[in-house]
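Examining the three-dimensional arrangement
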Amino acid sequence: MSQPKISIRGVTKTFSVRDANLGRPSQFTAVSDIDIDVRAGEFLTLVGPSGCGKSTLLDLIAGLTKPASGTILLDGEPITGPGLDRGIVFQQYALFPWRTARGNIEFGLEAKGVGRKERRARAAEFLDLVGLSGFADRYPHELSGGMRQRVAIARSLAFDPEVLLMDEPFAALDAQTRESLQEELLSIWQRTGKTVVFITHGIDEAVYLGQRVAIMTSRPGRIKEIVDIDFETREGDLRADAKFGEFRHHIWTALRDEVAAAQAHEREAVGSVG
Ligand SMILES: Nc1ncnc2c1ncn2[C@@H]1O[C@H](COP(=O)(O)OP(=O)(O)OP(=O)(O)O)[C@@H](O)[C@H]1O
Ligand SMILES: [Mg+2]
């Protein structure tokens, strides 16, 4: 088998948090003993209950934080920090407030050394792709939440990294915009062979986009199960395929159990305080 694009082995991430009961900081385990490989050119979607550690895992792959233990390899090499090979769309739109929509998209291209004229052209192309051609000169505070998120998506796509790390990128969008960006993302992925790790709370979205869906347990998050989304064909309307409903139901059931576990855990924690 060829070398995975991303290889995650035994990864645990802890945070130091204040603990009012103890009166001193304690270690909080956000994800525990994560093992998963992402193949080169694969579209992997990641689902799990709120707070299970999905964003934490994405930050680790992005190189923004370091694991407490375990290893993460990119093309066989340990990740030591952020890099131009990985583009991130954060759960909270992280735009530079002092740059316009166009300026935000051009930023990554400047870092890559793309010339001025081509930067302009690419920024225009991707603003158009996300339906914001008329808003190139607006600053983030002059855009709605969903528009800001679309600028962030355009920025990550224009920058053309080998690996796209996307944290609920379409969550704040209306259904029509979401569907059209899902289509665009799939077509860009098919055209360019990027490796995509995509977090979502939408089970339909996970099944529709992913070649595999990784399901995480409730906190501390582990990989509970990886579901192969093996449609016979990807032609036509996948959502109308009988298998779509089967995948959906399977993942829904697995998630329901995890959400119930997470809620029981919270109640226990509250009980022990009160
Ligand atoms: N910097 C931090 N310091 C302390 N705890 C943190 C930090 N970042 C995340 N956590 C905790 O780690 C756990 C996992 O958080 P994370 O943001 O990864 O969850 P998530 O699965 O992305 O949730 P959601 O679906 O709500 O976005 C949470 O309990 C959170 O409180
Ligand atoms: Mg998150």
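Higher on the page you've got the structure.
This structure is a prediction, so every number in the text was calculated from the model and none was measured. Residue numbering note: each chain is counted from 1, following its sequence as written. Chain letters start at A and ligand numbers start at 1, both assigned in the order the entries are written. Totals for whole chains, interfaces and linings use every residue, but because this is a predicted model, local features are given only for residues with pLDDT of at least 70 and side-chain atom pairs only at 80 or more, for both listing and counting.

**A few points about the sheet that holds strand 4 (residues 69-74)**
- By the convention used here, strands pair only if DSSP detects at least 2 bridges between them. Strands are runs of DSSP state E lasting at least two residues, helices are runs of H or I lasting at least four, and both sets are numbered from the N terminus onward. The strand order across the open sheet formed by four strands is 2-1-4-5, and the pairing between neighbours is antiparallel. In the strand order of this sheet, the two ends are held by strand 2 (24-38) and strand 5 (77-78), each with one partner.
- Alignment of strand 1 (residues 6-19) against strand 2, held across 11 bridges, turns out to be antiparallel. Across the sheet, residue isoleucine 6 finds its bridge partner in strand 2, namely valine 38.

**Observations regarding the site of ligand 1**
- In this analysis, residues qualify as near a molecule or strand once their C-beta atom, positioned from backbone atoms, comes within 6 Å of it. The environment of ligand 1 is made up of 14 residues, and the closest members are Phe15, Ala30, Ser50, Ser55 and Thr56.
- Considering each element in turn, the shell around ligand 1 owes the most residues, three residues, to helix 1 (residues 54-62).
- Residues belonging to the shell around ligand 1 are distributed by class as follows: five nonpolar, seven polar and two charged. Nonpolar residues are Ala, Val, Leu, Ile, Met, Phe, Trp, Tyr, Cys and Pro. Charged residues are Asp, Glu, Lys and Arg, and all others, Gly as well, are polar.

**Examining the pairing of strand 4**
- Relative to strand 4, strand 1 runs antiparallel, the two being bridged by five bridges. Each bridged residue has a counterpart across the sheet, and for serine 7 the counterpart in strand 4 is leucine 73.
- Bridge count for strand 4 against strand 5 is two bridges, and the pairing is antiparallel. When the bridges of strand 5 are listed, leucine 74 appears paired with glutamate 77.
- Following strand 4, the chain reverses through two residues before pairing antiparallel with strand 5; aspartate 75 in that reversal takes a positive phi of roughly 50°.

**Quick notes on the pairing of strand 8 (residues 195-199)**
- Put plainly, a residue is buried at 20 or more neighbouring C-beta atoms within 10 Å of its own, exposed at 12 or fewer, and partly exposed in between, counting only other residues' C-beta atoms, which are placed from the backbone. With five of its five residues buried, strand 8 lies for the most part within the structure.
- Every second residue of strand 8 is oriented toward a common face, with Thr195, Val197 and Ile199 on one face and Val196 and Phe198 on the other, all of them buried.
- Pairing geometry for strand 3 (residues 43-47) and strand 8, over four bridges, is parallel. For threonine 45, the partnering residue across the bridge sits in strand 8 and is phenylalanine 198.

**Observations regarding the packing of helix 2 (residues 101-111) against helix 4 (residues 145-158)**
- Axis geometry follows a simple rule: fit a line to the C-alpha atoms, using only the stretch in contact for helices, then measure angles between N-to-C directions, giving values from 0 to 180 degrees. Axis separation between helix 2 and helix 4 bottoms out at 8 Å; the angle between their running directions is 25°. Between helix 2 and helix 4, the crossing angle belongs to the class labelled roughly parallel. As helix 2 packs across helix 4, the resulting crossing turns out to be right-handed. Judged by residue contacts, Ala101, Asn104, Ile105, Gly108 and Leu109 of helix 2 engage Val151, Ala154, Arg155 and Ala158 from helix 4.
- Class assignment of the residues belonging to the contact of helix 2 with helix 4 gives a composition of six nonpolar, two polar and one charged. Throughout, the term roughly parallel applies to angles under 35 degrees, roughly antiparallel to angles over 145, roughly perpendicular to angles from 65 to 115, and oblique to all others. Rotating anticlockwise by less than a right angle from the far helix to the near helix defines a left-handed crossing, while the corresponding clockwise rotation defines a right-handed one. Note on contacts: each residue gets a C-beta atom placed from the backbone, and two residues are in contact if those atoms are within 7 Å.

**What about the sheet that holds strand 10 (residues 223-228)?**
- The strand order 6-7-8-3-9-10 describes an open sheet built from six strands, whose pairing is mixed. The outermost strands of the open sheet, each flanked by one partner alone, are strand 6 (86-89) and strand 10. Strand-to-strand twist across the sheet, computed as the mean angle between neighbouring axes with direction ignored, equals 15°.
- Two elements, strand 3 and strand 9 (residues 212-216), share four bridges in a ladder whose sense is parallel. Across the sheet, residue leucine 46 finds its bridge partner in strand 9, namely alanine 214.

**A few points about unusual backbone geometry**
- The omega torsion of the bond from arginine 219 to proline 220 falls at -10°, within 30 degrees of zero and hence cis.
- Within the secondary structure, proline 220 sits in the loop between strand 9 and strand 10.
- Here aspartate 160, not a glycine, exhibits a phi torsion of approximately 55°, which is positive.
- Of note, aspartate 160 is situated in the loop between helix 4 and strand 7 (163-167).
- Not every positive phi belongs to a glycine, and glutamate 168 is a case in point at roughly 45°.
- Looking at the secondary structure, you find glutamate 168 in the loop between strand 7 and helix 5 (175-192).
- On the neighbour-count criterion, glutamate 168 (20 C-beta atoms within 10 Å) is buried.

So yeah, pure geometry; function would need other evidence.
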